[in-house]
Every structure is written in structure tokens, then in C-alpha cells.
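Per-entry structural report
Single-letter residue listing:
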Amino acid sequence: MLRSAALIASTMLAIGLAGCTAPAPDPASDGVLRIVASTNVYGDLAQTIAGPDAEVTSIVDDPSQDPHEFEANGRVQLAMSRADIVIVNGGGYDDFATAMLTASGNTGARLIDAVELSGLDASADGFNEHVWYDAFAMEKVVEALALAVGSVDAAAADDAAAAAVQLRIGLSKLESTADEANALIEAGHLGVIITEPVPLYLLMNLGFENLTPPEFSEAIEEDADVPPALLQSVLNLLGDGSAALVVYNEQTGGPQTDAVIDVATDNHIPAIGVTETLPEGLHYLGWQSRILDSIISASGIYG
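Below, the structure is looked at part by part. (Residues numbered from 1 in each chain as written. Predicted model: local features only at pLDDT ≥ 70, side-chain atom pairs only at ≥ 80, totals over all residues. Heavy atoms only, no water.)

Quick notes on the overall build of the protein
When its secondary structure is counted, the protein shows twelve helices and eight strands. Evaluated residue by residue, the protein yields a buried proportion of 53% over its 303 residues. Relative to all contacts within the protein whose residues are 6 or more apart in sequence, the contacts with residues 24 or more apart total 71%. Total accessible area on the protein stands at roughly 13,000 Å², and carbon and sulfur atoms take up 53% of it. (Helix = DSSP H or I, 4+ residues; strand = E, 2+ residues; numbered from the N terminus. Buried < 20%, exposed > 50% of the residue type's maximum accessible area, 1.4 Å probe, protein only. Contact = heavy atoms within 4.5 Å. Areas by Shrake-Rupley, 256 points an atom, 1.4 Å probe, with all protein chains shown as cover.)

This is how it looks when you write it as C-alpha cells:
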């Protein structure tokens, strides 16, 4: 979940920017389809479905940027005020985006919330908001995007529907690959340690047992201090052979994360890095496929 200080700062700046931004023209008046996405993960899906003529703005689009440290700016606020479609992850991950939409005064934009579409219970204790690592949830987002594009621009409806079909085919292939690996991973009772819950949906779909104490991954995610005893309990799981794999977030880090990676390396346990946002030069399907293949390969289930 986004850190409270950054979220409050972003929201207040968004409201302030809204007050000094000139009223934008009617988004539909010039015939340009405009989409704003909270991160480039959703921005990439939107561009794929809406096509090259659509103007897609991704609020968090720098792969080296920690999404938790985002601060609003005038360019993004203007884009939000003119958007036909706004895509957010939801579930508390990117509240700054919905705050900016409200502050912009744009009441006509169609809002797509990935967590709401996923059908997962965001109010559940320990809810993991990183639903873009769940191919099943992304199928629903893709479908909603195609419908939204078609409702805004009827001329683009057929192309959007066709692009959505291709994306769903790609997502189904990811699901099939995970299903094939699942039986072997579950049979081997393979455990995993995560520094943050970013890739947890994917790991669960693969059949890994998450051995990480929730307090540990939550502290890392919130950039809070990890009690020494808790850190040691995680390191012990690497030292005694309980964990077969470590997966960490490349976009954040710190001494606790470094300690986990170091001990994993010392014990010849693969450590796989993942990101919250889309790396430069990759599209969503290629990115997720590469991560999936890396994790399966590191698990050793196919020899």
C-alpha cells in the first residue's frame, strides 16, 4: 500500500493544482481519445487496446521510480482533467489517482478500477492490492477497457475488441503455463520468501507456499524498520532449507532486503527480482511472461 506521507502530499498538491489550472476543453470536442492510467502497466494495456491514435498518459511511468514516492504535477493534472477514461489499480494502491480525478473536476471520465473488477475483497485483512500480477484479474480489466473505448469512440470499437481478444489469448497462455507448473511445485512443497507482496498472486497461482511472516513483508513495503528477531526468523528459513526461492522488489530496497538476498545467495537459493511498473521496452504480456519463465526456471521443477 502506498506510504501515507507520500499519498497525503500528492493529494494535497493535486487539489492545489486543480485550483490553478484553466478549465480544459471538452475532451470529446477534438476527436482525440484520451486515457490516463495510474501506472504504465495499465497505460500499456490501454494503448494496446485503444491503438496508436489514442493519447495515453501514465502517471507513474519511470521504471527506476518507486511508485510509493509519487508526487503530482501540473502536466498530469491537466491530462486528468481532459481524460475520457481513467484506469486505476484501486484497493488503496493508487488513491492519488482518484484524488486527482476528483480535484480535476472531470465528472465525465469513465473510471476503471482493477481491484473492483477482480472480484477480490479489498476489505479483507491482509489484502494484497497488486492485482496486475494476477492474469485472471487482468482479463477483466482488458474486457472493461475494450468496452470503455468502444463507448467513447464507436469507430474504434471493433479494433479495440480485436486487440482485447489477442490480449486475452496471451493472458490465457500465461495461465496455462502457470497451471502446468503448479502441479509440480505443489507436489514438491516448494516454499518462497518475498520481501514485498508485489508478485504474490503469481506465486500463489504457481503453487508456491508463502513462508514469509506477513509482518515482515508489510514492514518492508511500508519502509518501516523490521525487528531484528523477525528478520532473523526469515533468514533462518533460508538457512535451514525451508525456502526454495526468494522474490524481491527491484524498485525498493534496504538493508533488510539486502540481507535476505545475501543469505539466499550464500545458501545457493535463487533470488528473482521483479518490478511494480513496466520496464522500458517491454509490453505487459512480454514482461509477465519473462517473470513467469524466470520463476519457473529458478524453481528447478523441469530439471
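After that view of the structure, there is still more to cover.
Remarks on the layout of surface pockets
Of the pockets and cavities examined, the largest pocket occupies roughly 260 Å³. Surrounding the largest pocket, 15 residues form its lining, Gly126, Phe127, Pro197, Glu218 and Glu221 being those nearest its centre. Per element, the largest residue contribution to the lining of the largest pocket is four residues, and it comes from helix 9 (residues 214-221). Looking at the lining of the largest pocket residue by residue, the class counts come to six nonpolar, five polar and four charged. Estimates place the volume of the second largest pocket at around 180 Å³. Around the second largest pocket sit eleven residues that line it, and Asn40, Gly43, Asp44, Ser58 and Asp61 are the ones nearest its centre. (1 Å grid on protein atoms, 1.4 Å probe; cavity = no way out; pocket = protein on both sides within 12 Å on 5 of 7 lines; lining within 4 Å. Points joined across faces, edges and corners; volume = space filled by probe spheres on them. Nonpolar A, V, L, I, M, F, W, Y, C, P; charged D, E, K, R; others polar.)

Looking at unusual backbone geometry
The phi dihedral of His189 falls on the positive side, at around 50°, and the residue is not glycine. The class of His189 is exposed, set by a relative accessible area of 64%. One non-glycine residue, Asp223, lies in positive phi territory at about 60°. Note on placement: Asp223 falls in the loop between helix 9 and helix 10 (228-239). Accessibility expressed as a relative area gives 52% for Asp223, which makes it exposed.

Topic: helix 7 (residues 157-187)
Over its 31 residues, helix 7 runs 45 Å from end to end, which matches the ideal 45 Å to within 8%, given 1.5 Å per residue. Ala181 marks the point of greatest bend in helix 7, at about 30°. Buried within helix 7 are the following residues: Ala160, Ala163, Ala164, Leu167, Gly170, Leu171, Leu174, Glu175, Ala178, Ala181, Asn182 and Ile185. In this structure, the buried side of helix 7 is in contact with helix 2 (40-50), helix 6 (135-152), helix 8 (200-206) and helix 12 (284-299). Backbone geometry just after helix 7 places His189 at a positive phi near 50°. (Expected span 1.5 Å × (residues − 1). Bend = angle between axes of the 7 residues up to and from the residue.)

Notes on the nonpolar core
With 63 residues, the main nonpolar core has Tyr42, Met138 and Leu206 as its most contacted residues. Of all the elements, helix 6 adds the most residues to this core, at ten residues. Ignoring sequence-local partners within four residues, the contact set of Tyr42 consists of Ala37, Ile87, Asn89, Ala114, Val131, Trp132, Met138 and Val141. Ranked by size, the runner-up nonpolar core spans 17 residues in total, among them Ala219, Leu238, Ala264 and Ile269. (Core = buried A, V, L, I, M, F, W, Y, C linked by side-chain atoms within 4.5 Å.)

Topic: the packing of aromatic side chains
Enumeration according to the criterion identifies four aromatic pairs in this entry. The interplanar angle of 75° and the centroid separation of 6.1 Å between the aromatic rings of Tyr284 and Trp287 together place this pair among those described as edge-to-face. Linking Tyr284 with Trp287, this pair stays in helix 12, spanning three residues, or about one helical turn. With respect to burial, Tyr284 and Trp287 carry one shared label: buried. Grouping aromatic residues by their ring pairs yields a cluster made of Tyr93, Trp132, Tyr133, Tyr284 and Trp287. (Phe/Tyr/Trp six-rings, centres within 6.5 Å; stacked < 30°, edge-to-face > 60°.)

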